[in-house]
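Descriptive analysis of the structure
Read off the chains here:
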Amino acid sequence: MANWIPLGNAYEISPGTRKAYTVKGTEIAVFHVADGDQPGTFYAIDNACPHQGASLIEGEGCGTEVTCPLHDWNFDVATGECHDFPDFALTRFDLKVETGVLMVDGAAFGDPGPPANLFLVRYGAMGWVDHFSAEPEDDYPHRTAVLLETSRGEEVGEILSAVGQMEKPPTAAGSIVREFTPTDQSALTSQEDVTARVFQDCQTLIQERGMPTEIIDCEQLFDQQTVVLYYLGSRMPALEILAQELNANYTWRIVFHPVDEAPAASSCSSGGGGCGCNEK
Ligand code: FES
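Basis of the calculations
Residues take numbers from 1 onward in each chain, read along the sequence in its written order. Local features in this predicted model are restricted to residues of pLDDT 70 or higher, and side-chain atom pairs are both shown and tallied only at a pLDDT of 80 or more, whereas totals for entire chains, interfaces and linings draw on every residue. For the side-chain quantities, the full set of heavy atoms in the structure was used; hydrogens and water were omitted. For helices, the fitted axis covers only the stretch in contact; all axes are lines through C-alpha atoms, and the angles between them, taken along N-to-C directions, range from 0 to 180 degrees. Counting from the N terminus, the helices are DSSP H or I runs at least four residues long and the strands are E runs at least two residues long. Each angle receives one of four descriptions, namely roughly parallel if under 35 degrees, roughly antiparallel if over 145, roughly perpendicular if within 65 to 115, and oblique otherwise. Crossings are assigned a handedness: left-handed for a near helix turned anticlockwise from the far helix by less than a right angle, right-handed for a clockwise turn. Every residue pair with non-hydrogen atoms within 4.5 Å of one another is taken to be in contact. Classification convention: Asp, Glu, Lys, Arg as charged; Ala, Val, Leu, Ile, Met, Phe, Trp, Tyr, Cys, Pro as nonpolar; all other residues, Gly among them, as polar. For two strands to pair, DSSP has to find at least two bridges joining them. Expected helix span is given by 1.5 Å per residue-to-residue step, counting one fewer step than there are residues. Think of it in three bands: with a 1.4 Å probe and only protein chains considered, a residue is buried below 20% of the maximum accessible area for its type, exposed above 50%, and partly exposed in between. Note that the arc is defined by the directions from the helix axis to the C-beta atoms. Buried Ala, Val, Leu, Ile, Met, Phe, Trp, Tyr and Cys residues that are joined via side-chain atoms within 4.5 Å together make up what is termed a nonpolar core.

The protein chain carries the name Naphthalene 1,2-dioxygenase system ferredoxin subunit in an unreviewed UniProt entry, which gives Gimesia algae as its organism.

So, on to the packing of helix α2 (residues 195-209) against helix α3 (residues 237-249). Look at α2 against α3: their axes get within 11 Å of each other, and the N-to-C directions meet at 140°. Our classification of the angle between α2 and α3 gives oblique. α3 is crossed by α2, and the crossing has right-handed handedness. Side by side, α2 and α3 meet where Cys202, Leu205, Ile206 and Arg209 of the first sit next to Leu242, Glu245 and Leu246 of the second. Tallied by class, the residues present in the contact of α2 with α3 amount to five nonpolar, no polar and two charged.

On to the sheet that holds strand β1 (residues 4-9). Taken in spatial order, the three strands of this open sheet run β1-β9-β8, and their pairing is antiparallel. Of all the strands in the sheet, just β1 and β8 (95-98) have a single pairing partner and so form its edges. Taken pair by pair, the neighbouring strands of this sheet meet at an average axis angle of 30°, ignoring direction. Taken together, the five bridges between β1 and strand β9 (residues 101-105) define a ladder with antiparallel strand orientation. Paired with Gly8 across the two strands is Leu102, which belongs to β9.

Moving on to α3. Given 3.6 residues to a turn, an α-helix orients residues that are three or four positions apart in the same direction. Compared with an ideal rise of 1.5 Å per residue, which puts 13 residues at 18 Å, α3 spans 19 Å between its outermost C-alpha atoms and is within 8% of the ideal. When α3 is considered as a whole, its buried residues turn out to be Leu239, Leu242, Ala243, Leu246 and Asn247. Buried residues of α3, viewed axially, fall in a sector of 140°; they line one side. Opposite its buried face, α3 presents the exposed residues Pro237, Gln244 and Ala248, each directed more than 90 degrees away. Where the residues of α3 are buried, they touch α2, β16 (226-232) and β17 (253-258).

Here we take up the nonpolar core. Among the nonpolar cores identified, the biggest contains 20 residues, and Val198, Cys202, Leu229, Leu242, Leu246 and Phe256 are the most heavily contacted of them. Listing elements by their share of this core, those giving two or more residues are α2, β15 (214-220), β16, α3 and β17. With 18 residues, the next largest nonpolar core counts Val33, Ala54, Ile57 and Phe75 among its residues.

Listed below in structure tokens is the structure:
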């Protein structure tokens, strides 16, 4: 059932402009999309980019399009669609204007729940450091090996520190599943290492096609289903075609990942990027 919360007077957002509000601890961005000076339609989205949490209200764009100021992902605020990576849609909220007052449906926000139990974790072949959420009762000492759920799959990480309670907790990159066990370690050790083969096959194809992409490294995730190829160069359609071809040849999911960009936040985490250009 809708639970309408007043935001303010609708006239405060002139046609073609946008404004941020905080509702139940969530910052939302309201866009007034209009043709010229005529009143148009209001759209509300979570202001944190689903990639790495940049403020979308600061993005450029016209009509219903907005481009994230951090990595240029392009979104449609009317549909929530992410044109670059369809798996990373915006969170949208219902709005209405009643007697000139702009109102948002508070039912979609739910209860804020207990404060997030966050840890700083180092993970991935590139040694990224980011926040991961854990169960409220979980505690992990410095340098504990943990199993993580990220946007790329299941992988191994190392605890650096616990993060104290924060008024505005950062977006978690994923969640901590549990401490890494001796059984996990033997499963990891017994994995067939396919990275050298994938790395070589990919480099050969890139050279044959004259692509301006350099493969820097290759990583096999703990889930034994995902192989990540790190590259230097721009994201281009030819890379996506190559990924599809490799995916058709292997039983693992092949993901290309720019070496200078941390992975996307997992949709199962408490917040907001990576770019699996190729989901299997
Ligand atoms: S934070 Fe928005 S595209 Fe990266």
